[in-house]
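# Summary of structural features
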Amino acid sequence: MEFKDYFSKQSDIYIKSRPGYPNKLFQYLASLTTEHNLAWDCATGNGQAAIPLAKYFKKVMATDASAQQINNAILHENVKYAVALADKSGLDTGTVDLVTIASALHWMDFDAFYTEVNRVLKPDGVFAAWAYYKSYINSAIDPIVKYLVKDILGEYWPPERQYITNYYNTIPFPFKQVEAPTFKISLVANLDFLFGYFYSWSSTQQYIKLNGKDPVELIKQQLEDAWGDPSETKEIIWDVILKIGRKE
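Owing to the predicted nature of the structure, the values given are computational and were not obtained by experimental measurement.

Scanning the protein chain from N- to C-terminus turns up ten helices and eight strands. Against the 2.2 N^0.38 benchmark of 18 Å for 248 residues, the protein chain shows a C-alpha radius of gyration of 18 Å, consistent with a compact globule. For the protein chain, buried positions account for 54% of its 248 residues. Carbon and sulfur atoms make up 49% of the accessible area of the protein chain, which totals about 11,500 Å². When the 25 basic and 29 acidic side-chain charges of the protein chain are each reduced to a single mean position, those positions are 3 Å apart.

Written as structure tokens, this is what we have:
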């Protein structure tokens, strides 16, 4: 499988400037499996999904093709990290209760990855993929962020991002789909976090690489004016895109 590495370069920014996922999501996923012995979190990044999974599963295998991401991962006694491609997990056949992949399914070679998922899952095991999209703060800030995303960075996003903008409705999914509730991500953060979030994007890094200029500077003053006191915190909300299926 080809590894599309859009985040290793900014892995230190990624761990500080990406939101976590709601605990209710992991609680719900755990409720779908009859056993809770082993979960595999593929493309784990810094372990943002692996760590909360460890609350519900005896062991979590967390893999990522990026050594830089694994080196920045959050340690936990029930989580074992490994550098591995998504189609070569190293897990035994038919041993995994739940496979998760957070904010990364759209980067995969679907056939190769799904073959591996089906191999490692137990009969009736569960596969869950999710991502988050858009951010909502307030009516003054949201249009500025939208301008950065669409007008400044529009042509610099990888083509796979269209799966997210389509809310995973067009992504291949060869599992018996489970109808899931709706989840949101909510985070209270300051302006520095928001700027860090922008710099963690693959499109921002691609813009800098190709143009030798910082695209965030183009909206920085306007955003600072709209935010007000930079030390003041505000709630940021994202939509969670979620697809869940069972092995047939």
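There's more to say after this.
Counting buried residues along strand E1 (residues 38-42), five of its five residues qualify, which places the element largely inside the surrounding structure. Both faces of E1 are covered, namely the face carrying Leu38, Trp40 and Cys42 and the face carrying Ala39 and Asp41. Here E1 pairs with strand E2 (residues 59-64) via five bridges, running parallel. By the bridge assignment for E2, cysteine 42 is matched with threonine 63. Bridging between E1 and strand E4 (residues 96-102) involves four bridges; their strand directions are parallel.

The next point concerns the packing of aromatic side chains. Applying the stated criterion to the full structure yields 23 aromatic pairs. Ring centres of tyrosine 21 and tryptophan 130 lie 5.6 Å apart, and the angle between their planes is 85 degrees; on these two criteria the pair is classed as edge-to-face. With tyrosine 21 in the loop between helix H1 (11-17) and helix H2 (23-31) and tryptophan 130 in strand E5 (residues 121-136), the pair connects residues that are 109 residues apart, well separated along the chain. A residue is classified by how much of its surface remains accessible, and tyrosine 21, at 12% relative accessible area, is buried. For the ring pair tryptophan 157 and tryptophan 201, a centre distance of 5.3 Å and an interplane angle of 45 degrees mean the geometry is tilted. In this pair, tryptophan 157 sits in the loop between helix H6 (142-152) and helix H7 (162-165) while tryptophan 201 sits in the loop between helix H8 (191-199) and helix H9 (202-211), placing the two residues 44 residues apart along the sequence.

The next point concerns helix H5 (residues 110-120). Regarding H5, the residues found buried are Phe110, Phe113, Tyr114, Glu116, Val117 and Val120. Projected onto a plane normal to the axis of H5, the buried residues spread over an arc of 155 degrees and lie on a single side. Facing away from the buried surface of H5 by more than 90 degrees, the exposed residues are Asp111 and Thr115. Structurally, H5 contributes buried residues whose contacts are with E1, E4, E5 and H7.

For the pair H8 and helix H10 (residues 217-227), the least separation of the axes is 11 Å and the interaxial angle reads 150 degrees. Between H8 and H10, the angle falls in the class roughly antiparallel. Two packed elements cross with a definite hand, and for H8 against H10 that hand is right-handed. Contact residues: H8 offers Leu191, Leu194, Phe195 and Phe198, while H10 offers Ile219, Lys220, Leu223, Glu224 and Trp227. Considering only residue class, the contact of H8 with H10 consists of seven nonpolar, no polar and two charged.

What counts and how
- In this numbering scheme, every chain counts its residues from 1 along its sequence in written order.
- In view of the model being predicted, local features appear only for residues whose pLDDT reaches at least 70, and side-chain atom pairs are presented and counted only at 80 or more, with totals across whole chains, interfaces and linings using the full set of residues.
- Each side-chain value is derived from all of the structure's non-hydrogen atoms; neither hydrogens nor water enter the calculation.
- Working definition: helices are DSSP H or I runs of at least four residues, strands are E runs of at least two. Numbering for both runs from the N terminus.
- Taken over C-alpha atoms, the radius of gyration is set against a globule rule of 2.2 Å times the number of residues to the power 0.38.
- Summary of the burial criterion: residues with accessible area below 20% of their type's maximum are buried, those above 50% are exposed, and those between are partly exposed, where the area comes from a 1.4 Å probe applied to protein chains only.
- Note on areas: Shrake-Rupley, 1.4 Å probe, and residue coverage restricted to the protein chains presented here.
- His is not counted here, nor are the chain ends, while Lys and Arg score as positive and Asp and Glu score as negative.
- Positions of charges follow a simple convention, taking NZ of Lys, CZ of Arg, CG of Asp or CD of Glu.
- When DSSP finds at least two bridges between two strands, those strands are taken to pair.
- Between 30 and 60 degrees the pair is tilted, below 30 it is stacked and above 60 it is edge-to-face, where a pair is any two Phe, Tyr or Trp rings, Trp via its six-membered ring, whose centres lie within 6.5 Å.
- Read the arc as the range of directions from the helix axis to the C-beta atoms.
- The contact definition used throughout considers only heavy atoms, calling two residues in contact when any of these lie within 4.5 Å.
- Between N-to-C directions, angles span 0 to 180 degrees; the directions come from axes that are lines fitted to C-alpha atoms, helices contributing only their stretch in contact.
- For classification purposes, angles smaller than 35 degrees are called roughly parallel, those larger than 145 roughly antiparallel, those between 65 and 115 roughly perpendicular, and all remaining angles oblique.
- By convention the crossing between two helices is left-handed if the near helix lies anticlockwise of the far one by an angle smaller than a right angle, and right-handed if it lies clockwise.
- Following the grouping adopted for this structure description, the nonpolar residues are Ala, Val, Leu, Ile, Met, Phe, Trp, Tyr, Cys and Pro, the charged ones are Asp, Glu, Lys and Arg, and the polar ones are all others, Gly among them.

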